[in-house]
Amino acid sequence: MQKVGIVGYYQVKLYSDANYGRYEMIFEASRGALDKAGLKKKDISTVISCTNDYYDGRTISNCFTVEVGGGYMADESKVEMDGAHAVLYGLMRVLSGNHNLAAIWGGSMASCYPYHTVRLYETDPTWERSLAYVNDVTSAGFQMRAYMEKYGVTAEEIAKVAVKNKKNAAKNPLALKEAQLPNITVKDVLDSGIYADPVTELMVAPPCDCVAALLLAPEKQALKITDKPVWITGVGYNQDPYYLGDRDLSGCKSMNLAGKMAYNAAGINDPSSEIDVAELFEANAHEELIFAEELGFAKKGKGIEINSAINGDLPINPSGGALGGNPPCATGLIRIIEAVKQLTGEAGDYQVKGAKRAVASGQVGMCAQNNIIYVLEAN
Amino acid sequence: MSKMTQRKSLDYIKKDYVRTRTLTGSWYLASYKFKFNITHMKPFLEKLKEKKLIGNQCSSCNRVFYPPRQVCGKCLVKPDKWVDIRNTARVSTFAISYLKDPETGEVQERPMVLVHHDGADTTSIAELNPEIDVKDVYVGMPIIAHWRDETVGGLMDIEYYDKFIDDSDDIRYKK
């Protein structure tokens, strides 16, 4: 794959109820990314936005964000999935050879609508919606129980993932304040309110408000813009069938195939030793274990045995991951930004020492139906 | 890096200075007609009226779908065979959701299950008999479809799933 560089990024701090208007937040992110790269508006040749009509409360929601998102007199397109999918779209436009700078922004404000209620409308209206109340949390309950049942993993072990990520989030100044819990214990996680048994409140990524932005440039331009671009050396994407009943919920086949595709592009043979840090979008605590196993960091059912602390063998989500705040449409983009920070040494308190190669993932859908993964390498 | 967007400090936000105004509104498409094909499931719906279950089978990969699917995603062909499916099933996986009545504040414990019917390769979402204690539910639990008295030819003809004792398990254990 031809090299494409990440030359700038910006992330607004996560808030559970932001004192921001929507447009101001988008402006801060897109302007901030340009400022970081030292570029001007006229350098942008294509804009990819990532929002969702239902999350924004209006139809064709990107037509209202032309000015603030940098799309004025530029070509613009919207991805109604995760921010990481918007990066794929931007990447493809850059690889087409027609564009020198792609600006990608994504995010929404979950404080403006009932997030988990909206997710009820994701089920099939003809067969499933009338039968039972199933949304992202209930389906996460299905998946967590199937995973625990198949591999004999206990709820305590899954709660450990939440503990690790919430503690990591406490070191990340941009994480959600409510999710920054430096003194949390496994008992706190298990005793927090039950959302859908066995999933408890602290195991679910808390929806919040944020917009993040990222700039992509082809190799030649990237080196002109910055001394230390981060290269996208591999990308993989795949999706599972829509119906929950068609899938083996104890695993995530699509993440496995996406990982193979990305590793193939980046020339990785042994992921657990060749990757220094992973930023995975886990909408629920157990998903981090499932993803880590599917990506080849551990054997099936042994995800909990990875030493995934910040100073561990393979740090996973040193920034706190999605459990440190999950702004719909931005979370995957933030995972990529956090991986970039690790590779450029800008991560501060949660910096992984000597990180040279990272993976970052995004997902969309119930039980991570559609997955995308990037391999990023430092210059 | 320019200072154009730099805030003076984060305290700027923490103070009582209100930067936004909230406008309460609603955004919904008041009604929607979901139009879907029934050609591929007519035999299935007719059998439901007789309190019998069938699934369709892809003749390319031999997977049996319950409820019937229009297209087999794996092979991208229409499943063209019909197969009998027993009304007994097993709990494939489940989650217990807590639904709060907005008026009385009463919280209902309801187990949502993925049901794996005997003879089918896929599972479907369903609810259990509300009288079953949620603590007794387990993965692999044998269950049986409980039909409504009057069937209309839809999946809602199965009101819920009841517990039942699976004899086949006894035979296996005796061996």
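Look up a bit, the structure's there.
From a predicted model like this one, the values you see are computed outputs, not experimental measurements.

Trainee: Describe the overall build of chain A, and please don't skip the residues or the numbers.
Mentor: In terms of regular secondary structure, chain A is built from twelve helices and eleven strands. Expected size for 379 residues packed as a compact globule is a radius of gyration near 21 Å; at 19 Å, chain A falls within 12% of this value. Dimensions of chain A, computed from the C-alpha atoms along their principal axes, are close to 55 × 45 × 40 Å. Within chain A, the proportion of its 379 residues that are buried is 65%. Partitioning the contacts of chain A with sequence separation of at least 6, the portion at a separation of at least 24 is 76%. In the form shown here, chain A has an accessible surface area of approximately 13,400 Å², with 50% of it arising from carbon and sulfur atoms. Counting 36 positive and 45 negative side-chain charges, chain A places the averaged centre of each group 5 Å from the other.

Trainee: Outline the sheet that holds strand E11 (residues 370–378) of chain A, listing residues and values.
Mentor: Residue and element names in this part refer to chain A. If you trace the nine strands from one edge of the open sheet to the other, you get E3-E2-E4-E7-E1-E8-E11-E10-E9, paired in mixed fashion. The outermost strands of the open sheet, each flanked by one partner alone, are strand E3 (75–79) and strand E9 (277–279). For this sheet, the mean inter-axis angle between neighbouring strands, taken without regard to orientation, is 25°. The pairing of strand E2 (residues 46–50) with E3 spans five bridges and is parallel. By the bridge assignment for E3, Thr46 is matched with Asp75. Seen against the sheet, helix H1 (residues 22–37) touches strand E1 (4–11), strand E4 (102–109) and strand E7 (209–218) and runs at an angle of roughly 35° to E7. Docked against the sheet, helix H9 (residues 253–266) engages strand E8 (230–239), strand E10 (357–364) and E11, running at close to 150° with respect to E8.

Reading the values: the criteria
- Residues numbered from 1 in each chain as written.
- Chains lettered and ligands numbered in written order.
- Predicted model: local features only at pLDDT ≥ 70, side-chain atom pairs only at ≥ 80, totals over all residues.
- Heavy atoms only, no water.
- Helix = DSSP H or I, 4+ residues; strand = E, 2+ residues; numbered from the N terminus.
- Rg over C-alpha atoms; globule rule 2.2 N^0.38 Å.
- Buried < 20%, exposed > 50% of the residue type's maximum accessible area, 1.4 Å probe, protein only.
- Contact = heavy atoms within 4.5 Å.
- Areas by Shrake-Rupley, 256 points an atom, 1.4 Å probe, with all protein chains shown as cover.
- Lys, Arg positive; Asp, Glu negative; His and termini not counted.
- Charge placed at Lys NZ, Arg CZ, Asp CG, Glu CD.
- Pairing = 2+ DSSP bridges.
- Axes fitted to C-alpha atoms, helices over the stretch in contact; angles between N-to-C directions.

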